[in-house]
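Results of the structural survey
Chain by chain, the residues:
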Amino acid sequence: MHRTRLPSGVEAWLVTRYADARQALADQRLSKNPAHHDEPAHAKGKTGIPGERKAELMTHLLNIDPPDHTRLRRLVSKAFTPRRVAEFAPRVQELTDHLIDQFAHRGTADLIHEFAFPLPIYAICDMLGVPREDQDDFRDWAGMMIRHGGGPRGGVARSVKKMRGYLADLIHRKRERLREDGDDDLISGLIRASDHGEHLTENEAAAMAFILLFAGFETTVNLIGNGTYALLRNPVQRERLQRSLAAGETGLLATGVEELLRYDGPVELATWRFATEALTIGGQHIEPGDPVLVVLAAADRDPERFADPDTLDLARRDNQHLGYGHGIHYCLGAPLARLEGQTALATLLTRLPDLQLDADPDDLRWRGGLIMRGLRTLPVRFTPQ
Ligand code: HEM
(Lines give C-alpha, C1' and ligand atoms only; values in the text may rest on other atoms or scores of the structure.)
Protein backbone atom coordinates (compact mmCIF):
# COMPACT_ATOMS: atom_id res chain seq x y z
CA MET A 1 0.00 0.00 0.00
CA HIS A 2 1.25 3.46 -0.84
CA ARG A 3 -0.29 6.81 -0.21
CA THR A 4 0.14 9.10 -3.16
CA ARG A 5 -0.83 12.55 -4.35
CA LEU A 6 -2.58 12.43 -7.71
CA PRO A 7 -2.10 15.13 -10.36
CA SER A 8 -5.47 16.56 -9.25
CA GLY A 9 -4.00 17.13 -5.76
CA VAL A 10 -6.13 14.44 -4.11
CA GLU A 11 -4.32 11.98 -1.86
CA ALA A 12 -5.30 8.35 -2.27
CA TRP A 13 -4.16 4.91 -1.17
CA LEU A 14 -2.82 2.77 -3.97
CA VAL A 15 -3.46 -0.96 -3.61
CA THR A 16 -0.99 -2.81 -5.79
CA ARG A 17 -0.61 -6.37 -4.44
CA TYR A 18 -2.91 -9.03 -5.85
CA ALA A 19 -4.12 -10.34 -2.47
CA ASP A 20 -4.80 -6.82 -1.16
CA ALA A 21 -6.54 -5.80 -4.40
CA ARG A 22 -8.86 -8.81 -4.29
CA GLN A 23 -9.66 -8.12 -0.65
CA ALA A 24 -10.32 -4.44 -1.33
CA LEU A 25 -12.60 -5.17 -4.31
CA ALA A 26 -14.70 -7.53 -2.19
CA ASP A 27 -14.84 -5.35 0.95
CA GLN A 28 -18.19 -3.61 1.22
CA ARG A 29 -16.84 -1.08 3.71
CA LEU A 30 -15.22 0.40 0.61
CA SER A 31 -17.98 2.25 -1.20
CA LYS A 32 -18.26 3.15 -4.88
CA ASN A 33 -20.30 6.26 -4.06
CA PRO A 34 -18.11 9.39 -4.38
CA ALA A 35 -20.32 11.07 -1.77
CA HIS A 36 -18.26 9.14 0.78
CA HIS A 37 -15.11 10.93 -0.30
CA ASP A 38 -13.84 13.15 2.45
CA GLU A 39 -12.80 15.82 -0.02
CA PRO A 40 -11.20 19.12 0.99
CA ALA A 41 -13.62 21.97 0.22
CA HIS A 42 -11.21 23.70 -2.18
CA ALA A 43 -10.99 20.57 -4.31
CA LYS A 44 -14.75 19.93 -4.54
CA GLY A 45 -15.62 18.73 -8.02
CA LYS A 46 -12.08 19.10 -9.31
CA THR A 47 -10.57 15.81 -8.29
CA GLY A 48 -11.08 13.97 -11.54
CA ILE A 49 -12.80 11.18 -9.64
CA PRO A 50 -15.26 9.56 -12.03
CA GLY A 51 -18.85 10.58 -11.56
CA GLU A 52 -18.17 13.53 -9.29
CA ARG A 53 -18.79 16.18 -11.88
CA LYS A 54 -21.73 14.66 -13.62
CA ALA A 55 -24.51 14.59 -11.11
CA GLU A 56 -27.10 13.42 -13.62
CA LEU A 57 -25.07 10.30 -14.36
CA MET A 58 -24.64 9.35 -10.75
CA THR A 59 -27.21 6.64 -10.42
CA HIS A 60 -25.52 3.93 -12.39
CA LEU A 61 -24.02 0.66 -11.23
CA LEU A 62 -20.46 1.91 -10.94
CA ASN A 63 -21.37 4.70 -8.53
CA ILE A 64 -23.72 3.00 -6.13
CA ASP A 65 -23.68 0.48 -3.29
CA PRO A 66 -26.16 -2.12 -2.06
CA PRO A 67 -29.10 -2.20 -1.67
CA ASP A 68 -29.61 0.05 -4.75
CA HIS A 69 -26.80 -1.69 -6.59
CA THR A 70 -28.27 -5.13 -5.89
CA ARG A 71 -31.68 -4.09 -7.23
CA LEU A 72 -30.38 -2.44 -10.41
CA ARG A 73 -27.86 -5.18 -11.14
CA ARG A 74 -30.53 -7.86 -10.75
CA LEU A 75 -32.81 -6.02 -13.17
CA VAL A 76 -30.15 -5.41 -15.81
CA SER A 77 -28.91 -8.99 -15.52
CA LYS A 78 -32.35 -10.18 -16.61
CA ALA A 79 -31.96 -8.32 -19.89
CA PHE A 80 -28.22 -8.49 -20.50
CA THR A 81 -27.87 -12.26 -20.34
CA PRO A 82 -25.00 -14.48 -21.51
CA ARG A 83 -27.52 -16.01 -23.92
CA ARG A 84 -28.27 -12.65 -25.52
CA VAL A 85 -24.52 -12.18 -25.96
CA ALA A 86 -24.05 -15.65 -27.46
CA GLU A 87 -26.86 -14.98 -29.96
CA PHE A 88 -25.05 -11.83 -30.96
CA ALA A 89 -21.90 -13.69 -32.09
CA PRO A 90 -22.74 -13.77 -35.84
CA ARG A 91 -23.33 -10.01 -35.84
CA VAL A 92 -19.96 -9.34 -34.15
CA GLN A 93 -18.29 -11.53 -36.78
CA GLU A 94 -20.08 -9.65 -39.56
CA LEU A 95 -19.06 -6.26 -38.14
CA THR A 96 -15.46 -7.43 -37.72
CA ASP A 97 -15.26 -8.67 -41.33
CA HIS A 98 -16.88 -5.52 -42.62
CA LEU A 99 -14.30 -3.31 -40.88
CA ILE A 100 -11.38 -5.41 -42.15
CA ASP A 101 -12.87 -5.30 -45.70
CA GLN A 102 -12.48 -1.51 -45.64
CA PHE A 103 -8.68 -1.60 -45.37
CA ALA A 104 -7.59 -5.14 -46.37
CA HIS A 105 -6.81 -4.10 -49.97
CA ARG A 106 -4.52 -1.25 -48.84
CA GLY A 107 -1.77 -3.18 -47.10
CA THR A 108 -1.60 -0.63 -44.27
CA ALA A 109 -3.99 0.54 -41.59
CA ASP A 110 -4.25 2.25 -38.25
CA LEU A 111 -5.84 -0.51 -36.24
CA ILE A 112 -7.04 1.80 -33.50
CA HIS A 113 -9.06 4.18 -35.71
CA GLU A 114 -10.13 1.72 -38.34
CA PHE A 115 -10.76 -1.36 -36.25
CA ALA A 116 -10.46 -1.36 -32.43
CA PHE A 117 -12.39 1.91 -32.06
CA PRO A 118 -15.42 1.36 -34.32
CA LEU A 119 -16.04 -2.32 -33.51
CA PRO A 120 -17.19 -1.95 -29.87
CA ILE A 121 -19.26 1.16 -30.52
CA TYR A 122 -21.19 -0.40 -33.42
CA ALA A 123 -21.53 -3.66 -31.48
CA ILE A 124 -23.02 -2.10 -28.37
CA CYS A 125 -25.23 0.27 -30.42
CA ASP A 126 -26.61 -2.74 -32.30
CA MET A 127 -27.16 -4.67 -29.14
CA LEU A 128 -28.94 -1.78 -27.43
CA GLY A 129 -31.15 -1.28 -30.49
CA VAL A 130 -29.80 2.08 -31.74
CA PRO A 131 -30.95 2.21 -35.41
CA ARG A 132 -28.08 1.80 -37.90
CA GLU A 133 -28.62 5.26 -39.41
CA ASP A 134 -27.91 6.88 -36.02
CA GLN A 135 -24.85 4.84 -35.12
CA ASP A 136 -22.34 7.18 -36.78
CA ASP A 137 -23.48 9.93 -34.40
CA PHE A 138 -22.53 7.62 -31.54
CA ARG A 139 -19.21 6.98 -33.22
CA ASP A 140 -18.56 10.74 -33.28
CA TRP A 141 -19.65 11.34 -29.69
CA ALA A 142 -17.63 8.38 -28.45
CA GLY A 143 -14.64 9.58 -30.50
CA MET A 144 -14.80 12.92 -28.74
CA MET A 145 -14.93 11.20 -25.36
CA ILE A 146 -12.05 8.84 -26.05
CA ARG A 147 -9.83 11.54 -27.58
CA HIS A 148 -10.26 13.93 -24.70
CA GLY A 149 -10.84 11.48 -21.85
CA GLY A 150 -12.96 12.72 -18.98
CA GLY A 151 -11.21 16.09 -19.13
CA PRO A 152 -13.17 19.24 -18.46
CA ARG A 153 -13.43 20.15 -22.12
CA GLY A 154 -16.63 21.54 -23.55
CA GLY A 155 -16.73 19.05 -26.41
CA VAL A 156 -16.81 16.06 -24.09
CA ALA A 157 -19.59 17.53 -21.96
CA ARG A 158 -21.59 18.29 -25.11
CA SER A 159 -21.08 14.77 -26.45
CA VAL A 160 -22.17 13.22 -23.15
CA LYS A 161 -25.23 15.45 -23.14
CA LYS A 162 -26.17 14.57 -26.71
CA MET A 163 -25.71 10.87 -26.09
CA ARG A 164 -27.85 10.97 -23.00
CA GLY A 165 -30.53 13.03 -24.70
CA TYR A 166 -30.61 10.60 -27.59
CA LEU A 167 -30.82 7.57 -25.29
CA ALA A 168 -33.64 9.12 -23.24
CA ASP A 169 -35.65 9.71 -26.46
CA LEU A 170 -34.92 6.24 -27.76
CA ILE A 171 -36.04 4.66 -24.49
CA HIS A 172 -39.19 6.68 -24.59
CA ARG A 173 -39.94 5.59 -28.16
CA LYS A 174 -39.18 1.95 -27.37
CA ARG A 175 -41.45 2.04 -24.34
CA GLU A 176 -44.30 3.21 -26.59
CA ARG A 177 -43.55 0.40 -29.07
CA LEU A 178 -43.62 -2.24 -26.32
CA ARG A 179 -47.40 -1.91 -26.32
CA GLU A 180 -47.39 -3.40 -29.81
CA ASP A 181 -44.99 -6.22 -28.97
CA GLY A 182 -41.87 -4.10 -29.33
CA ASP A 183 -38.37 -5.09 -30.40
CA ASP A 184 -36.04 -7.72 -29.12
CA ASP A 185 -33.09 -5.48 -28.36
CA LEU A 186 -31.35 -4.79 -25.06
CA ILE A 187 -33.10 -1.46 -24.41
CA SER A 188 -36.50 -3.10 -24.87
CA GLY A 189 -35.25 -5.89 -22.59
CA LEU A 190 -34.25 -3.33 -19.96
CA ILE A 191 -37.68 -1.72 -20.10
CA ARG A 192 -39.42 -5.09 -19.86
CA ALA A 193 -37.22 -6.50 -17.08
CA SER A 194 -39.01 -6.81 -13.79
CA ASP A 195 -38.10 -8.22 -10.43
CA HIS A 196 -40.80 -8.83 -7.82
CA GLY A 197 -43.02 -6.46 -9.77
CA GLU A 198 -40.33 -3.75 -9.90
CA HIS A 199 -39.17 -2.16 -13.15
CA LEU A 200 -36.45 0.29 -14.09
CA THR A 201 -37.72 3.84 -14.30
CA GLU A 202 -37.08 5.65 -17.60
CA ASN A 203 -34.23 7.56 -15.96
CA GLU A 204 -32.70 4.41 -14.57
CA ALA A 205 -32.96 2.71 -17.96
CA ALA A 206 -31.28 5.72 -19.61
CA ALA A 207 -28.47 5.74 -17.01
CA MET A 208 -28.09 1.99 -17.50
CA ALA A 209 -27.89 2.25 -21.30
CA PHE A 210 -25.34 5.03 -20.88
CA ILE A 211 -23.13 3.05 -18.49
CA LEU A 212 -23.27 0.02 -20.79
CA LEU A 213 -21.93 2.21 -23.57
CA PHE A 214 -19.48 4.03 -21.39
CA ALA A 215 -18.10 1.03 -19.48
CA GLY A 216 -18.06 -1.21 -22.52
CA PHE A 217 -16.56 1.05 -25.10
CA GLU A 218 -13.06 2.34 -24.36
CA THR A 219 -12.27 -0.81 -22.37
CA THR A 220 -12.93 -3.02 -25.40
CA VAL A 221 -11.08 -0.64 -27.74
CA ASN A 222 -8.06 -1.11 -25.48
CA LEU A 223 -8.46 -4.87 -25.20
CA ILE A 224 -8.29 -5.13 -28.99
CA GLY A 225 -5.56 -2.46 -29.34
CA ASN A 226 -3.30 -3.55 -26.46
CA GLY A 227 -3.95 -7.21 -27.25
CA THR A 228 -2.96 -6.90 -30.91
CA TYR A 229 0.10 -4.88 -29.96
CA ALA A 230 1.21 -7.47 -27.40
CA LEU A 231 0.82 -10.23 -30.00
CA LEU A 232 2.82 -8.29 -32.59
CA ARG A 233 5.61 -7.88 -30.07
CA ASN A 234 5.62 -11.54 -29.05
CA PRO A 235 6.03 -13.41 -32.35
CA VAL A 236 6.46 -16.87 -30.83
CA GLN A 237 3.17 -16.60 -28.95
CA ARG A 238 1.44 -15.07 -31.93
CA GLU A 239 2.57 -17.87 -34.28
CA ARG A 240 1.40 -20.44 -31.78
CA LEU A 241 -2.02 -18.81 -31.75
CA GLN A 242 -2.12 -18.63 -35.55
CA ARG A 243 -1.28 -22.33 -35.80
CA SER A 244 -3.99 -23.25 -33.34
CA LEU A 245 -6.56 -21.08 -35.18
CA ALA A 246 -5.57 -22.64 -38.51
CA ALA A 247 -6.19 -26.06 -36.94
CA GLY A 248 -9.71 -24.92 -36.01
CA GLU A 249 -9.03 -24.89 -32.26
CA THR A 250 -10.45 -22.24 -29.95
CA GLY A 251 -8.89 -23.21 -26.61
CA LEU A 252 -5.73 -21.12 -26.98
CA LEU A 253 -7.77 -18.16 -28.23
CA ALA A 254 -9.90 -18.27 -25.08
CA THR A 255 -7.02 -18.58 -22.60
CA GLY A 256 -5.02 -16.14 -24.75
CA VAL A 257 -7.54 -13.31 -24.51
CA GLU A 258 -7.63 -13.76 -20.71
CA GLU A 259 -3.84 -13.63 -20.65
CA LEU A 260 -3.81 -10.47 -22.77
CA LEU A 261 -6.16 -8.90 -20.23
CA ARG A 262 -3.83 -9.85 -17.42
CA TYR A 263 -0.65 -8.89 -19.27
CA ASP A 264 -1.72 -5.47 -20.53
CA GLY A 265 -5.33 -4.90 -19.53
CA PRO A 266 -7.42 -1.95 -20.66
CA VAL A 267 -8.12 -0.68 -17.15
CA GLU A 268 -5.29 0.55 -15.03
CA LEU A 269 -6.66 2.47 -12.07
CA ALA A 270 -10.35 2.35 -12.80
CA THR A 271 -11.42 1.11 -9.53
CA TRP A 272 -12.02 3.89 -7.09
CA ARG A 273 -13.37 3.09 -3.66
CA PHE A 274 -14.04 5.29 -0.60
CA ALA A 275 -13.74 4.02 2.97
CA THR A 276 -17.06 4.32 4.83
CA GLU A 277 -15.42 3.27 8.09
CA ALA A 278 -11.92 2.64 9.41
CA LEU A 279 -10.38 -0.56 8.05
CA THR A 280 -7.07 -2.27 7.41
CA ILE A 281 -5.79 -3.54 4.05
CA GLY A 282 -2.41 -5.23 3.75
CA GLY A 283 -1.59 -4.11 7.29
CA GLN A 284 -2.30 -0.47 6.46
CA HIS A 285 -4.85 1.50 8.47
CA ILE A 286 -7.32 3.47 6.35
CA GLU A 287 -9.47 6.28 7.72
CA PRO A 288 -13.15 6.80 6.87
CA GLY A 289 -13.48 9.08 3.82
CA ASP A 290 -10.08 8.08 2.39
CA PRO A 291 -10.05 7.34 -1.35
CA VAL A 292 -8.58 3.98 -2.32
CA LEU A 293 -7.41 3.17 -5.84
CA VAL A 294 -7.06 -0.48 -6.77
CA VAL A 295 -4.32 -0.72 -9.40
CA LEU A 296 -5.49 -3.70 -11.43
CA ALA A 297 -2.51 -3.60 -13.79
CA ALA A 298 -0.08 -3.92 -10.87
CA ALA A 299 -2.07 -6.64 -9.10
CA ASP A 300 -2.19 -8.66 -12.31
CA ARG A 301 1.62 -8.67 -12.49
CA ASP A 302 2.17 -9.54 -8.83
CA PRO A 303 4.96 -12.17 -8.72
CA GLU A 304 3.46 -13.60 -5.52
CA ARG A 305 0.38 -14.59 -7.50
CA PHE A 306 1.54 -15.17 -11.09
CA ALA A 307 4.61 -17.15 -12.16
CA ASP A 308 6.79 -15.08 -14.54
CA PRO A 309 4.27 -12.24 -14.43
CA ASP A 310 6.03 -10.17 -17.11
CA THR A 311 5.95 -13.03 -19.62
CA LEU A 312 3.06 -13.33 -22.05
CA ASP A 313 1.90 -16.95 -21.98
CA LEU A 314 -1.29 -17.41 -23.97
CA ALA A 315 -1.76 -20.90 -22.52
CA ARG A 316 -1.40 -19.72 -18.90
CA ARG A 317 -3.39 -21.83 -16.47
CA ASP A 318 -4.58 -20.64 -13.07
CA ASN A 319 -5.09 -17.15 -14.44
CA GLN A 320 -7.62 -15.53 -12.13
CA HIS A 321 -6.71 -12.02 -13.19
CA LEU A 322 -8.52 -8.93 -11.93
CA GLY A 323 -8.91 -7.29 -15.35
CA TYR A 324 -12.69 -7.46 -15.01
CA GLY A 325 -12.63 -6.57 -11.32
CA HIS A 326 -13.94 -8.80 -8.56
CA GLY A 327 -16.87 -8.91 -6.14
CA ILE A 328 -20.29 -7.32 -6.63
CA HIS A 329 -19.08 -4.86 -9.30
CA TYR A 330 -17.45 -7.60 -11.39
CA CYS A 331 -17.75 -6.55 -15.03
CA LEU A 332 -21.28 -7.10 -16.24
CA GLY A 333 -20.10 -6.97 -19.85
CA ALA A 334 -17.36 -9.60 -19.56
CA PRO A 335 -19.13 -12.10 -21.87
CA LEU A 336 -19.56 -9.43 -24.56
CA ALA A 337 -15.97 -8.20 -24.13
CA ARG A 338 -14.70 -11.78 -24.50
CA LEU A 339 -16.79 -12.31 -27.60
CA GLU A 340 -15.54 -9.08 -29.20
CA GLY A 341 -11.91 -9.62 -28.17
CA GLN A 342 -11.80 -13.20 -29.38
CA THR A 343 -13.59 -12.47 -32.66
CA ALA A 344 -11.45 -9.41 -33.40
CA LEU A 345 -8.08 -11.05 -32.73
CA ALA A 346 -8.88 -14.37 -34.39
CA THR A 347 -10.24 -12.68 -37.53
CA LEU A 348 -7.33 -10.24 -37.82
CA LEU A 349 -4.71 -12.98 -37.50
CA THR A 350 -6.55 -15.28 -39.89
CA ARG A 351 -7.35 -12.76 -42.61
CA LEU A 352 -4.07 -10.81 -42.38
CA PRO A 353 -1.62 -13.56 -41.43
CA ASP A 354 1.57 -11.52 -41.96
CA LEU A 355 0.36 -8.51 -39.97
CA GLN A 356 3.34 -6.45 -38.74
CA LEU A 357 3.80 -3.33 -36.68
CA ASP A 358 4.54 -0.39 -39.00
CA ALA A 359 6.19 1.90 -36.47
CA ASP A 360 9.03 1.99 -34.02
CA PRO A 361 7.48 0.95 -30.67
CA ASP A 362 9.21 3.93 -29.04
CA ASP A 363 7.26 6.27 -31.32
CA LEU A 364 3.85 4.88 -30.37
CA ARG A 365 1.87 7.15 -28.11
CA TRP A 366 -0.43 6.06 -25.32
CA ARG A 367 -3.48 8.03 -24.26
CA GLY A 368 -2.96 9.80 -20.96
CA GLY A 369 -5.16 9.50 -17.91
CA LEU A 370 -5.32 7.51 -14.74
CA ILE A 371 -8.08 5.17 -15.63
CA MET A 372 -7.51 3.61 -19.02
CA ARG A 373 -4.41 2.36 -20.72
CA GLY A 374 -4.58 2.34 -24.49
CA LEU A 375 -2.71 3.30 -27.65
CA ARG A 376 -3.60 6.40 -29.63
CA THR A 377 -2.66 4.74 -32.91
CA LEU A 378 -1.48 1.31 -34.00
CA PRO A 379 0.01 1.48 -37.52
CA VAL A 380 0.35 -1.91 -39.21
CA ARG A 381 1.28 -3.32 -42.62
CA PHE A 382 0.45 -6.61 -44.31
CA THR A 383 0.14 -8.15 -47.77
CA PRO A 384 -2.90 -6.53 -49.42
CA GLN A 385 -5.82 -8.93 -49.76
C1 HEM B 1 -17.52 -3.12 -14.44
C2 HEM B 1 -13.47 -4.02 -16.95
C3 HEM B 1 -16.05 -4.44 -21.04
C4 HEM B 1 -20.01 -3.11 -18.62
C5 HEM B 1 -16.20 -3.35 -14.77
C6 HEM B 1 -15.10 -3.39 -13.83
C7 HEM B 1 -13.98 -3.61 -14.55
C8 HEM B 1 -14.35 -3.75 -15.93
C9 HEM B 1 -12.55 -3.70 -13.99
C10 HEM B 1 -15.21 -3.22 -12.30
C11 HEM B 1 -14.95 -1.80 -11.88
C12 HEM B 1 -14.94 -1.64 -10.39
O13 HEM B 1 -15.01 -2.59 -9.61
O14 HEM B 1 -14.82 -0.47 -9.96
C15 HEM B 1 -13.84 -4.22 -18.27
C16 HEM B 1 -12.92 -4.60 -19.32
C17 HEM B 1 -13.65 -4.72 -20.47
C18 HEM B 1 -15.02 -4.41 -20.14
C19 HEM B 1 -11.43 -4.84 -19.13
C20 HEM B 1 -13.21 -5.07 -21.87
C21 HEM B 1 -12.21 -5.79 -22.15
C22 HEM B 1 -17.36 -4.17 -20.73
C23 HEM B 1 -18.46 -4.23 -21.66
C24 HEM B 1 -19.56 -3.82 -20.98
C25 HEM B 1 -19.17 -3.54 -19.61
C26 HEM B 1 -18.36 -4.64 -23.13
C27 HEM B 1 -20.99 -3.68 -21.41
C28 HEM B 1 -21.42 -3.57 -22.58
C29 HEM B 1 -19.66 -2.99 -17.30
C30 HEM B 1 -20.59 -2.57 -16.26
C31 HEM B 1 -19.87 -2.57 -15.06
C32 HEM B 1 -18.51 -2.99 -15.37
C33 HEM B 1 -22.05 -2.21 -16.45
C34 HEM B 1 -20.41 -2.19 -13.68
C35 HEM B 1 -20.86 -3.41 -12.96
C36 HEM B 1 -21.30 -3.11 -11.55
O37 HEM B 1 -20.92 -2.09 -10.97
O38 HEM B 1 -22.08 -3.94 -11.02
N39 HEM B 1 -15.71 -3.59 -16.04
N40 HEM B 1 -15.08 -4.10 -18.79
N41 HEM B 1 -17.82 -3.77 -19.50
N42 HEM B 1 -18.42 -3.24 -16.73
FE43 HEM B 1 -16.79 -3.79 -17.76
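Here the structure is shown first, and the text comes after it.
Residues numbered from 1 in each chain as written. Predicted model: local features only at pLDDT ≥ 70, side-chain atom pairs only at ≥ 80, totals over all residues.

**A closer look at the pairing of strand β7 (residues 271–275)**
What counts here: Once C-beta atoms are placed from the backbone, each residue is buried if 20 or more other C-beta atoms lie within 10 Å of its own, exposed if 12 or fewer, and partly exposed for counts between those two. Secondary structure elements follow DSSP: runs of H or I of four or more residues count as helices, runs of E of two or more count as strands, with numbering from the N terminus. At least two bridges found by DSSP between two strands are what make those strands a pair.
A large share of β7 lies buried, amounting to five of its five residues. In β7, alternate side chains face the same way, and those of T271, R273 and A275 on one face and W272 and F274 on the other are all buried. In terms of strand pairing, strand β3 (residues 30–31) meets β7 through two bridges, oriented antiparallel. Note that in β7 the partner of S31 across the bridge is F274. Judged from the four bridges that link them, β7 and strand β10 (residues 291–294) form a sheet pairing that is antiparallel. Each residue of the ladder has a partner; that of R273, found in β10, is V292.

**Digging into unusual backbone geometry**
The omega angle of the peptide bond from P66 to P67 is 5 degrees, so this bond is cis rather than trans. Relative to the helices and strands, P67 resides in the loop between β3 and α2 (68–79). Although it is not a glycine, D308 sits at a positive phi angle of roughly 40 degrees. By the secondary structure assignment, D308 is in the loop between α13 (296–299) and α14 (334–351). Even without being a glycine, D318 presents a positive backbone phi close to 50 degrees. Judged by the 7 C-beta atoms lying within 10 Å of it, D318 is exposed.

**Points about the environment of A123**
Applicable threshold: This entry defines residue contacts through backbone-placed C-beta atoms, with two residues in contact when those atoms are within 7 Å.
Note that A123 resides in helix α6 (residues 118–128). Each C-alpha atom, one on A123 and one on V92, is 6.5 Å from the other, the two residues being 31 residues apart in sequence. Beyond its immediate sequence surroundings of up to four residues, A123 is in contact with V92, L95 and E340.

**Section: helix α4 (residues 89–103)**
Applicable threshold: Helices are assigned an expected span. That span is 1.5 Å times one less than the residue count.
The end-to-end C-alpha distance of α4 is 22 Å, a good match for the 21 Å that 15 residues give at a rise of 1.5 Å each. Against the buried residues of α4 lie β4 (108–110), α5 (111–116), α6 and α14.

**Considering the site of the ligand**
Put simply, the rule reads: Put plainly, near means the residue's C-beta atom, positioned from the backbone, lies within 6 Å of the molecule or strand in question. Under the scheme applied here, ten amino acids are nonpolar (Ala, Val, Leu, Ile, Met, Phe, Trp, Tyr, Cys and Pro), four are charged (Asp, Glu, Lys and Arg), and all others, including Gly, are polar.
As a structural note, the neighbourhood of the ligand is formed by 26 residues, with G216, T219, G325, C331 and G333 the closest of them. Counting only elements with at least two residues in the shell around the ligand, the list comes to α10 (202–233) and α14. Of the residues forming the shell around the ligand, the biggest block, seven residues, is contributed by α10. In terms of residue class, the shell around the ligand is made up of 16 nonpolar, nine polar and one charged.

**Quick notes on helix α12 (residues 251–264)**
Over its 14 residues, α12 runs 20 Å from end to end, which matches the ideal 20 Å to within 8%, given 1.5 Å per residue. Of all the positions in α12, only G256, V257, E259, L260, L261, R262, Y263 and D264 are classed as buried. On the buried face of α12, the contacting elements are α10, α11 (235–246) and α14.

**Digging into the nonpolar core**
Condition: We call a set of buried Ala, Val, Leu, Ile, Met, Phe, Trp, Tyr and Cys residues a nonpolar core when their C-beta atoms link them within 7 Å.
Counting residues in each nonpolar core, the largest one holds 75 residues, and the members touching the most others are L119, I124, L128, L190, M208 and A209. The leading source of residues in this core is α10, at 15 residues. In terms of nonpolar packing, the next biggest core, distinct from the first, is built from 22 residues, A21, L30, A275 and V295 among them.

**Things to note about the pairing of strand β2 (residues 11–15)**
Note: strand β1 (residues 2–5) against β2, four bridges, orientation antiparallel. Its bridge partner being in β2, R3 is matched across the sheet by W13. Connecting β1 to the next strand, β2, in antiparallel fashion are five residues, including G9 with a positive phi near 100 degrees.

**Digging into the sheet that holds strand β11 (residues 356–357)**
Ordered in space as β4-β12-β11, the three strands form an open sheet in which the pairing is antiparallel. Two strands lie at the open edges of the sheet, namely β4 and β11, each paired on one side alone.

**Quick notes on the packing of α10 against α12**
The line we're drawing: Here an axis means a line fitted to C-alpha atoms, over the contact stretch when the element is a helix, while the angle between two N-to-C directions is reported on a 0 to 180 degree scale. When describing relative orientation, an angle under 35 degrees is termed roughly parallel and one over 145 degrees roughly antiparallel, while 65 to 115 degrees is termed roughly perpendicular and anything else oblique.
Packing of α10 against α12 leaves a shortest axis separation of 10 Å and a crossing angle of 95 degrees. Put simply, α10 runs roughly perpendicular to α12. Across the interface between the two elements, L223, N226, G227 and A230 of α10 pack against V257, L260, L261, Y263 and D264 of α12. For the contact of α10 with α12, the class distribution of residues is six nonpolar, two polar and one charged.

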